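Coordinate analysis (summary)
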Amino acid sequence: MGQDFGIDLRKELGLRGGSNGNDGSSTAGLIESFPPPPPPAKEPHHMMAKKKPSQSSLNSTSPTEPPNRPLPPRPVSKLGGGSSRSTTNASGFTTITPLPPPSMPPPSVPPPSVPAPNRPPPPKPLPLSVRPQVPLGMNPPTRPGTSTTAKTTTSSATAIELPPVSTTDSKPRMSWTSTAASSLNVPRRIKYGQGKYSSVELVPQPSDDPDDPLNWPTWRKEVNFWSLMLMVAMTGVTKTIFMTVNAQVSQLYGVSYTAAAALTGVPLILSAITGLGCLIAARMVGKRPFYLGSLISFFIGTVWSTNVGFEGAYGQCMAARVFQGLGWGAWDALVLGSIQDTFFEHERNIKITIHAITTTATLWFPPILGGVASQSSPGFTLQFTILSSFFALAIPAIALGCPETIFDRAYTLSAAASAAPTPGTGLPGFGLTGTGRYKTSLPLAPYRLLSWETACTYLAKLHPYTYSTPISPSLLLQAPRAMLAPTTLLLFLVSFLPISALWSFSSSLSLIFHPLPLSLPPSSIGLFFFGPFLLSLIPVIAFNYFYRKYSTIFTSTPKTHLFVTAVGLVLSCIGILTFSLHISSSLTPDPDSLMATGAKINLPAVGFVFGLLAMGAATLEHGLQRVTIGESTAFTSRNLGVKMRNEVDMGFGVEFYRKVMMGVFVMGTQTGNWVVFEGLRGLGLGLGVAVVVLGGGLATGWWLWGG
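First things first, this report covers the structure right here in the doc. Residue positions are counted from 1 within each chain, in the order its sequence is given. With pLDDT at 70 or above as the cut-off, local features in this predicted model cover only qualifying residues; side-chain atom pairs require 80 or more to be listed or tallied, and sums for whole chains, interfaces and linings still use all residues. Hydrogens and waters are ignored; side-chain quantities use all the structure's heavy atoms.

Another point: helix H25 (residues 640-668). Strands here mean DSSP runs of E at least two residues long; helices mean DSSP runs of H or I at least four residues long; both are numbered from the N terminus. To estimate the expected span of a helix, subtract one from its residue number and multiply by 1.5 Å. An ideal rise of 1.5 Å per residue puts 42 Å on 29 residues; H25 measures up with 42 Å between its terminal C-alpha atoms. Between the side-chain oxygen of the N-cap and the backbone nitrogen of Gly641 there are 3.1 Å, and the N-cap of H25 in question is Asn639. In protein, a polar contact means a hydrogen-donor-capable atom and an acceptor-capable atom, both N or O and within 3.5 Å, with residues adjacent in sequence counting only if both atoms are side-chain atoms; elsewhere, any N or O pair within 3.5 Å suffices.

Spelled out as structure tokens, the structure:
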């Protein structure tokens, strides 16, 4: 600090002495009396680079040099980045004059073009038959193809959201149908079949829950299916059980033949109504409650019918038939839905074929045996006694082998809905964690055929009521809307006359052939049903077992539906006209003929034309209904689940209208004029003409505007 003071004093005295010009010697001597300043200490190079000039050093001046101040920054022109020029005037100030912007440089010469590399052309798109199909479980199309989709080798995928599916994507396709995967927003690989179906994509995609009916073991699926088939067969037997004994029933109870035929017509109409109610209500509470209720009602009616074979018991017999009709409804309306719930698409066709064969065979074959049984001393009640013995197998089969098959695979649970029914059980609290999400199942135990633990676990799930869903108007109107669809009404109008005529003639066989002059017993009348039994199975097996090939022809060949319609109408018309005209002409007394009345009738020919009528009716029912409804729902349904539901609803809608008309024809066409066979002639001519006019008109409209 003293050194700095000495330096400043020397400078101050030097300035004063120089400025006054007198007494310079004294000033010089005073300056010399102070010691010279020591040389400045050298600082390290790295410190000198970091040291900034102090404010005092910037403001310090000397007599010989200008103030040491930094120059202002050079301004930069905004017009093209030009430079500036600085000048110093006489006063010592610096003036900065911007220079004009330089001229623009000449345009640069583009570099020489480089030829594009020779790359191979992009590969051509694969044909539709080879291109991998869109996974039905991820984005169900409105018109799904076959289930034999080729399995493609893929790599891992990273997408979690649900983008539009590309058929040319090489990433593994994910399934979003699992409850656990959907609730956790985690994709899951598409599942394929096993064994010879290892390359077949499972449609619909099952969830990860072992309680899902699609995940049931094979033995459990088969037990459920054959239990349902047993009840379908038993209900089919009771529908035609009175057709060979209507004349005996009329005589026993002392009622008209129309009243005796009402024992068949009234249950048919009731089964249509109860079937519609079961179809609507099953969407809210499941199918199992209605299976159990229908089993109880059918059991009461059948057992009651074993004790009505005495005079004056017509009221009891009708009451028993009412209980039977109420029990028919669920087995007519819900069985196809249970098959869809339990089996995949590649497994479903054979099951539907077995169901169709069972339904048709149990309608027309039991009268053959029933006529023989009715000739015994107990009479027609022996048929119900034999049928009642099958309940020893049917009751445990339905109670233990038919659990609930409705399973909502799109169901998601949130924390706020922890008390809502779970997809697997439908009961609050089952399968839920503390947060309300679906709790994944434990790994499966080692396979054991039967054990006390597995039996108790299985029985614990067989609750009568295990499914529920909120009631909404849209849910209640699903089946009625399907019944009013144009396709449903068209199929009904095309087929109801031949089928109604078949049931009408079947109910009248006992009236025609039991009285004089033929006086055929019930066992002989039952032989007429060989024709319907054998000939009706031909179109049933052909159109159902070969459904995949037939549906391909139906959709690819124009006007195939018109050809099938024409074949069914022609066979039906031949059967109606030949049956009615031959019987009326053969059994009407001719005073000019020496032959006895009824000697000209050809009973085998009657059975054959009766079978042609059944064959035509089966052609219209099985050759048009399934494939036409399938094509209609493929274009009108937004996804695969809605398509499957609409197929069941529209199929039963057609059956509902048919059953009502069948019951009306069975009760309304049995008149006293049939004794002289004039009524049979008129009925046959009227039905034949109506079939030609109505069926031909609909076929013509279908040809012009049906596509």
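Read on for the rest.
Moving on, we get to the packing of aromatic side chains. Two rings belonging to Phe, Tyr or Trp (six-membered ring only in the last case) form a pair when the distance between their centres is within 6.5 Å. Interplanar angles under 30 degrees mark stacking, angles over 60 mark edge-to-face geometry, and anything in between is tilted. Under the criterion given, the structure shown has 22 aromatic pairs. With 6.3 Å between their ring centres and 20 degrees between their planes, Trp364 and Phe529 make a pair best called stacked. Of this pair, Trp364 sits in helix H12 (residues 345-364) while Phe529 sits in the loop between helix H20 (522-525) and helix H21 (530-545), and the two are 165 residues apart along the sequence. Classification of Phe529 as buried rests on a relative accessible area of 0%. With 5.0 Å between their ring centres and 45 degrees between their planes, Phe365 and Phe533 make a pair best called tilted. Here Phe533 lies in helix H21 and Phe365 lies in the loop between H12 and helix H13 (366-373), a separation of 168 residues in the sequence. Buried residues are those whose accessible area, probed at 1.4 Å on protein chains only, stays under 20% of the maximum for their type, while exposed residues exceed 50% and partly exposed ones sit between those limits. Look at Phe365 and you get partly exposed, because its relative accessible area is 30%. Through successive ring pairs, a cluster of aromatic residues spans Trp364, Trp503, Phe505, Phe529, Phe579 and Phe610. Just above the ring of Phe225 sits the side chain of Lys351; from NZ or CZ to the centre is 4.8 Å. The ring of Tyr547 has Arg626 sitting right over it, with the charged end atom 3.8 Å from the ring centre. For a lysine, the NZ atom is tested; for an arginine, the CZ atom; a charge sits over a ring if that atom is within 6 Å of the ring centre and within 35 degrees of the ring normal.

A few words now on the nonpolar core. Ranked by size, the top nonpolar core spans 104 residues in total, and within it Leu334, Trp503, Phe505 and Phe513 carry the most contacts. In terms of residue count, the dominant contributor to this core is helix H19 (residues 486-513) (13 residues). If sequence neighbours within four positions are ignored, Phe505 has contacts with Ile576, Phe579, Phe610, Leu613, Leu680, Leu683 and Leu687. As used in this record, nonpolar core signifies buried Ala, Val, Leu, Ile, Met, Phe, Trp, Tyr and Cys residues forming a set joined through side-chain atoms within 4.5 Å. Ranked by size, the runner-up nonpolar core spans 16 residues in total, among them Ile241, Phe242, Ala259 and Ala262. Two residues qualify as a contact provided that any one of their heavy atoms is within 4.5 Å of a heavy atom in the partner residue.

Bringing the side chain of Ser586 into the picture now. Looking at where Ser586 falls in the secondary structure, it is placed in helix H23 (residues 560-587). With relative accessibility at 6%, the residue Ser586 sits in the buried group. A distance of 2.8 Å separates a polar atom in the side chain of Ser586 from the backbone oxygen of His582.

Before going further, it helps to spend a moment on a nonpolar patch on the surface. A cluster of nonpolar side chains, contributed by Ile296, Phe299, Ile300, Val303, Trp304, Phe323 and Ile395, occupies part of the molecular surface with about 540 Å² of accessible area. Of all the elements, helix H9 (residues 288-305) adds the most residues to the nonpolar patch, at five residues. By definition, no residue in a patch forms a salt bridge, and every one has over 30% relative accessible area; like charges are joined within 9 Å, nonpolar side chains (Val, Leu, Ile, Met, Phe, Trp, Tyr) within 5 Å. Accessible surface area values rest on a Shrake-Rupley calculation with a 1.4 Å probe, where residue burial reflects the displayed protein chains alone. Take a side-chain nitrogen of Lys or Arg and a carboxyl oxygen of Asp or Glu: if they are within 4 Å of each other, that pair is a salt bridge.

Assignment of secondary structure puts Thr264 in helix H8 (residues 257-285). Discounting residues that sit within four places of it in the chain, Thr264 has contacts with Lys239, Phe242, Met243, Arg321, Trp503 and Val666.

In short, the description is geometric, and any link to function would need to be established separately.
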